[in-house]
Amino acid sequence: MHKGMIRILAVLIGVMVVVPAALVSLDREDPSHSNKRVEGEASSASLDSGPSVKVYLSKEKKVETFPIERYIRGVVAAEMPVDFHPEALKAQAFAARTYIVDRLSRRDFSDMAKWGKQASQAHVTDTVNHQVFLTDKQLKKQWGEDYKTNSTRINQAVAETAGQVIQYQGKPIYAAFFSTSNGKTENSEDYFAQEYPYLRSVPSHWDQSSPKYRDRKQFPVADFVDQVSQTTGKQVAVEASTAGGDWLQVTQRTAGGSVDKVQVGDQVFSGRQIREALDLASADFSFQISKGTVTVETKGYGHGVGMSQWGANFMGKQGKSAKQIIQHYYRGVEIGRMDAYMKKK
């Protein structure tokens with residue numbers, strides 16, 4: 001064969017091999033085919049899916065609307081430390097989504113009126129009255145240079161639980177949660193008014209490693225009595241002869257170990273009333289009186305009902321899955337889809 005023809009054939013063969021390879025390479029680099037996430041987005045599609053949630057931003061005094069999974073992202077980021085175990089973050093996402101799905105499905109937003117006319121158009125506030133929520137703008141300010149890394153962690157937890165809620169006998173549960181237990185959680189009726197069959201007292205010994213496990217406050221006797229009287233509306237009388245300590249006694253405790261009843265002078269209060277009157281970390285407290293000062297020591301942080309966040313974190317570190325965490329703190333529940341409840345609107 002002529003040498004010129006051989007060279008031409010060689011060039012053609014080379015083109016046939018190189019061009020397709022180059023096209024494949026270009027295809028991989030095309031952003032439309034990339035799997036890279038922008039600003040830590042675990043799954044933009046899943047975060048922008050689902051029904052909308054109207055949130056009253058209490059500081060800005062305005063209502064903004066977010067896709068439900070974006071709302072869950074803002075709640076998880078606000079309610080749980082971002083460096084908690086991924087399975088704990090997923091458990092928090094389950095709880096947060098269950099709360100808002102239950103609220104949306106019941107369509108009772110009458111409590112919003114107390115926040116003003118504008119708030120009455122929203123489903124929830126961004127406060128502890130519902131679930132604490134942070135916007136993306138607030139998170140960028142709070143996280144600073146860690147924004148991308150932290151977003152990745154939170155978004156992953158939300159995306160991997162997207163559309164899923166905690167249910168009991170076919171209905172979304174009241175997914176109560178709190179920071180740290182005293183070693184056990186509480187039966188719901190021992191702190192709240194209502195009894196829920198899935199909110200039972202369960203062991204949570206992991207919480208003893210929480211930095212919020214113990215706390216202490218001190219009050220002059222007169223201030224102690226005044227605060228309890230003013231906050232509860234029940235005037236407490238303490239005889240001078242009993243000022244040594246007999247006037248203040250815990251008389252009954254709950255199944256979870258918190259204070260159920262306490263005698264203060266001539267009045268009897270619930271543990272919750274004393275906790276709220278004195279702004280204590282929990283309702284598991286004990287008293288010591290010395291030289292006119294009442295020292296109150298507490299164990300745990302929060303109301304103690306439902307999922308302990310620090311307990312969830314330690315369970316995750318021990319290899320427990322988010323589902324196992326959920327089923328430990330909420331008895332007899334299952335994980336279901338939120339779609340069924342949203343269709344009832």
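- In the nomenclature of an unreviewed UniProt entry, the chain corresponds to Stage II sporulation protein D from the organism Kroppenstedtia sanguinis.

A word on the overall build of the chain
And then number 1: For the chain, the helix and strand inventory stands at 11 helices and 14 strands.
And then number 2: Going through the 345 residues of the chain one by one, you find that 46% of them count as buried.
And then number 3: Of the roughly 17900 Å² of accessible surface on the chain, 50% is carried by carbon and sulfur atoms.

A few points about the environment of Gly-332
And then number 1: With respect to the helices, strands and loops of the structure, Gly-332 is situated in the loop between helix H10 (322–329) and strand S14 (334–337).
And then number 2: Once the C-alpha coordinates of Gly-332 and Leu-199 are considered, the two residues, 133 residues apart in sequence, prove to be 9.5 Å apart.

Some thoughts on the pattern of salt bridges
And then number 1: Applying the stated criterion to the full structure yields 14 salt bridges.
And then number 2: Among the salt bridges present, the one from Glu-64 reaches Lys-62, with a minimum N-O distance of 3.2 Å.
And then number 3: Judged by relative accessible area, which is 35%, Lys-62 ranks as partly exposed.
And then number 4: When the shortest N-O distance is used, the salt bridge between Arg-272 and Glu-276 registers 2.8 Å. One end of the pair is Arg-272 and the other is Glu-276, both in helix H8 (residues 271–278) and 4 residues apart, which spans about a single turn.
And then number 5: Looking at Arg-272, the relative accessible area reads 32%, which means it is partly exposed.
And then number 6: One continuous salt-bridge network, built from bridges that share partners, spans Arg-73, Asp-136 and Lys-140.

Digging into helix H6 (residues 147–160)
And then number 1: Here H6 is 14 residues long and its end C-alpha atoms lie 20 Å apart, about the 20 Å a rise of 1.5 Å per residue gives.
And then number 2: All of the buried residues in H6 are Tyr-147, Asn-150, Ser-151, Ile-154, Asn-155, Ala-157 and Val-158. Looking down the long axis of H6, one finds its buried residues gathered within 155° of arc, a one-sided arrangement.

Some thoughts on H10
And then number 1: All buried positions along H10 are accounted for by Ala-322, Ile-325, Ile-326, His-328 and Tyr-329. Axial view of H10: buried residues confined to an arc of 160°, hence all on one face.
And then number 2: Here the buried face of H10 lies against helix H4 (86–106), strand S4 (164–168), strand S13 (307–308), helix H9 (309–317) and S14.

With respect to the packing of aromatic side chains
And then number 1: Across all of its chains, the model carries 15 aromatic pairs by this definition.
And then number 2: Consider the rings of Phe-224 and Trp-247, whose centres lie 5.8 Å apart with planes at 80°: the pair is edge-to-face. In this pair, Phe-224 is assigned in helix H7 (residues 221–232) and Trp-247 in the loop between H7 and strand S8 (248–253), connecting sequence segments 23 residues apart. The same class applies to Phe-224 as to Trp-247, namely buried.
And then number 3: Ring centres 5.3 Å apart and planes at 50° place the aromatic pair Phe-285 and Phe-287 in the tilted group. The pair Phe-285 / Phe-287 is uniform in exposure class, with both members buried.
And then number 4: Aromatic rings pair up to connect Tyr-168, Tyr-174, Tyr-191, Phe-192, Tyr-196 and Tyr-198 into one cluster.

Conventions we followed
Residues numbered from 1 in each chain as written. Predicted model: local features only at pLDDT ≥ 70, side-chain atom pairs only at ≥ 80, totals over all residues. Heavy atoms only, no water. Helix = DSSP H or I, 4+ residues; strand = E, 2+ residues; numbered from the N terminus. Buried < 20%, exposed > 50% of the residue type's maximum accessible area, 1.4 Å probe, protein only. Areas by Shrake-Rupley, 256 points an atom, 1.4 Å probe, with all protein chains shown as cover. Salt bridge = Lys/Arg side-chain N within 4 Å of Asp/Glu carboxyl O. Expected span 1.5 Å × (residues − 1). Arc of directions from axis to C-beta. Contact = heavy atoms within 4.5 Å. Phe/Tyr/Trp six-rings, centres within 6.5 Å; stacked < 30°, edge-to-face > 60°.

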